[in-house]
There are 2 protein chains.
Amino acid sequence: MALPPWQPCPIRDVLDRIGDQWSLLILEALGRESVMRFNELSREVEGISRQMLSRTLKRLEQDGFVGRTVYAEVPPRVEYALTELGHSFLGPMRALVAWADGHHDQIRDARTAYVAREGS
Amino acid sequence: MALPPWQPCPIRDVLDRIGDQWSLLILEALGRESVMRFNELSREVEGISRQMLSRTLKRLEQDGFVGRTVYAEVPPRVEYALTELGHSFLGPMRALVAWADGHHDQIRDARTAYVAREGS
DNA sequence: CAGGATCCCGTTAGATACTG
DNA sequence: CAGTATCTAACGGGATCCTG
């Protein structure tokens, strides 16, 4: 989502980061386990490719949601964890997820009702 | 965001709808005014094109967030308002927006700190 | 183990022009 | 007033292969 030249909107700025396909799911996983490694995450976040995991983690790191620690070992070990900022985001995020779970049926019903009214 | 064949995830399902560039801003506007007409919305939601407003409203209507009432008049009058489902969404949405407003600076700081560390 | 590089395609969103 | 149609550039995301 390319930001047009007008003033930076905080809402959109945050939504651009967490509105993609994977960010929320990664944050949710990290919210459960507190510290996770790369392949651990790729197993936990079902369906994600390594590339998207890598990209999304990097963006979350850039924006301060996630911290990344590299250990100088062989084989390499990299650990990801929520930062304080990331933790503070869990509250509103879980409220949103809870709402989504609770109203998913209504949304699906609305969709079928819509196609029944308007067709396709 | 094309849903892969595995089971429909409520979180992603909701996020696909409200995670785009305009939905949240439209819902926020409708949350303030309770009833709005098309051109009123296009003025209120700054920067949106008529086309994107039209498309996004239609999707929000399909998913039951927004109701649409057409009056058989000349010139035509169409009013948009939140449904009950839409209203129930305002709570978690505002929690998210408040978080975004409150932590926007930290995110921007994290970004500049990142480029200072890693470069570009 | 933890990624990066490349290719490729479907979707998104902007601009512009047109309509009932 | 309240939209729709078309065209196009940009982006997201999957698959595959390669590396330190």
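Just so we're clear, the structure is a prediction, and the values are computed from it rather than from any experiment.

Caption draft 1: Expanded view of the protein's contact with DNA strand C. Neighbouring DNA strand C are 20 residues; A:Q51, A:S54, A:R68, A:Y80 and B:Q21 lie closest to it. Within 4 Å of the protein, the contacting atoms of DNA strand C are drawn from sugar and phosphate to the extent of 74%. Separating a phosphate oxygen of DNA strand C from a backbone N or O atom of A:N39 is a distance of 3.1 Å. Between A:S54 and DNA strand C, the recorded distance is 2.6 Å, taken from a side-chain N or O atom to a phosphate oxygen. Taken together, the elements giving at least two residues each to the surface near DNA strand C come down to helix 3 (38-44), helix 4 (50-62) and strand 3 (77-82) of chain A together with helix 4 (50-62) of chain B. When its residues are assigned to classes, the surface near DNA strand C shows eight nonpolar, five polar and seven charged.

Caption draft 2: Geometry of the protein's contact with DNA strand D. Near DNA strand D you find 20 residues, and of these B:R37, B:Q51, B:S54, B:R68 and B:Y80 are the closest. Sugar plus phosphate, as a fraction of atoms of DNA strand D within 4 Å of the protein: 71%. Here a phosphate oxygen of DNA strand D and a side-chain polar atom of A:Q21 are 3.0 Å apart. In this structure, B:R37 approaches DNA strand D through a side-chain N or O atom, which is 2.7 Å from a phosphate oxygen.

Caption draft 3: Main features of the packing of helix 2 (residues 23-33) of chain A against helix 5 (residues 84-118) of chain A. Residues and elements named next belong to chain A. At a minimum axis separation of 11 Å, helix 2 and helix 5 run at an interaxial angle of 115°. In this structure, the crossing between helix 2 and helix 5 has a hand that is left-handed. Contacts between helix 2 and helix 5 involve L24, L27, E28 and G31 from the first element and F89, L90, M93 and R94 from the second. Its residues placed into classes, the contact of helix 2 with helix 5 shows five nonpolar, one polar and two charged.

Caption draft 4: Region of interest: unusual backbone geometry. Residue and element names in this part refer to chain A. Look at the link from V74 to P75: it is a cis peptide, with omega at 0°. Position of P75 relative to the elements: it lies in the loop between strand 2 (66-71) and strand 3. Backbone geometry at S34 places phi at a positive 70°, although glycine is not the residue there. By the secondary structure assignment, S34 is in the loop between helix 2 and strand 1 (36-37).

Criteria and thresholds
Throughout this document, residue positions are counted from 1 along each chain, in the order its sequence is written. Key to labels: chains lettered from A, ligands numbered from 1, both in the order written. Owing to the predicted nature of the model, reporting of local features is limited to residues with pLDDT of at least 70; listing and counting of side-chain atom pairs is limited to 80 or more, with chain, interface and lining totals taken over all residues. Note that water and hydrogens are dropped before the side-chain values are worked out from all heavy atoms of the structure. One heavy atom within 4 Å of a molecule or strand makes the whole residue count as near it. Each polar contact in these results corresponds to two N or O atoms within 3.5 Å; when the atoms are within protein, one needs to be able to donate a hydrogen and the other to accept it, and residues that are neighboring in sequence are counted only if both atoms are side-chain atoms. Numbering goes from the N terminus for both helices and strands, where a helix is a DSSP run of H or I of at least four residues and a strand is a run of E of at least two. Under this grouping Gly is polar, as are all residues other than the nonpolar Ala, Val, Leu, Ile, Met, Phe, Trp, Tyr, Cys and Pro and the charged Asp, Glu, Lys and Arg. Note on method: axes are straight lines fitted to C-alpha atoms, helices fitted across the in-contact stretch only, with angles between N-to-C directions ranging 0 to 180 degrees. By definition, turning the near helix anticlockwise from the far helix through less than a right angle yields a left-handed crossing, and turning it clockwise yields a right-handed one. Two residues qualify as a contact provided that any one of their heavy atoms is within 4.5 Å of a heavy atom in the partner residue.

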